[in-house]
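Summary of structural features
Listed below, chain by chain, are the residues.
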Amino acid sequence: MEDAPAMFENWASDPETLKYVTWDAHASTERTRESIKRWIEQYRKPDTYKWALCLKTSQESQSCELGYILGKKFWGRGFMTEAVIAVLEFLLNKVGFKEIKATYVSLNPASGKVMEKAGMQYVETIPHAIQRKGYCGDKIIYSKQNPSL
């Protein structure tokens, strides 16, 4: 909970940073605290990991989805690529997922570059699949397989 002010200030309150995600910018640190509280409750599940990266898991397919957000003052420095590489390694080699998927909207090609630099491979493009916040874009899917399975 003590991270709420920094999370709010660095990215959760910035509409530009959150332009391509499903939820809107937080209007207050209290809203950020509510999000963190929900995340903490989700930690009780053995298949949930939340850092500055968001994760949704599927036990049936032994795969998970990786998403990420970084405050714009940190863009272009390689921080997200470094973090995604570390999280992929953890999820594939320590947790044992068979596959990690990630998606981005075509209007945000920088996110796709992160996926490529982190060693993920292009899977498919679904035209006009993402419509929100006044834009429509293609959904582009990347994946990384566990090489030891």
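Right above here is the structure, for reference.
Below you will find a few notes about this structure. Keep in mind the model is a prediction, meaning the values are calculated, not measured. (Residues numbered from 1 in each chain as written. Predicted model: local features only at pLDDT ≥ 70, side-chain atom pairs only at ≥ 80, totals over all residues. Heavy atoms only, no water.)

1. Some points on the side chain of Ser-143
With respect to the element layout, Ser-143 can be found in strand S5 (residues 135-145). Overall, Ser-143 belongs to the buried group, its relative accessible area being 5%. At 2.6 Å, the side chain of Ser-143 and the side chain of Glu-99 are in polar contact. Here Ser-143 is in contact with Glu-99, Ile-100, Lys-101, Met-120, Gln-121 and Val-123, once residues within four sequence places are set aside. (Helix = DSSP H or I, 4+ residues; strand = E, 2+ residues; numbered from the N terminus. Buried < 20%, exposed > 50% of the residue type's maximum accessible area, 1.4 Å probe, protein only. Polar contact = N/O pair within 3.5 Å; in protein donor to acceptor, adjacent residues only side chain to side chain. Contact = heavy atoms within 4.5 Å.)

2. Some thoughts on the environment of Glu-34
Along the chain, the position of Glu-34 falls in helix H2 (residues 29-42). The class of Glu-34 is partly exposed, set by a relative accessible area of 39%.

3. Focus: the pairing of strand S4 (residues 121-132)
Across 8 bridges, the pairing between S4 and S5 is antiparallel. Residue Gln-131 lies in a different strand from S5, and its bridge partner there is Cys-136. Hairpin connection from S4 to S5: 2 residues lie between these consecutive antiparallel strands, with Lys-133 at a positive phi of about 50°. (Pairing = 2+ DSSP bridges.)

4. Considering the nonpolar core
Core analysis: the largest hydrophobic core is formed by 19 residues, its most contacted members being Leu-66, Tyr-68, Val-84, Leu-88, Ile-100 and Met-115. Those elements that place two or more of their residues in this core are strand S2 (63-68), helix H3 (79-95), strand S3 (99-105), helix H4 (109-117) and S5. At 6 residues, H3 tops the list of elements feeding residues into this core. Excluding residues that lie within four positions of it along the chain, Val-84 makes contacts with Leu-66, Tyr-68, Val-114 and Ala-118. (Core = buried A, V, L, I, M, F, W, Y, C linked by side-chain atoms within 4.5 Å.)

Limitation: the analysis is restricted to geometry and does not speak to function.
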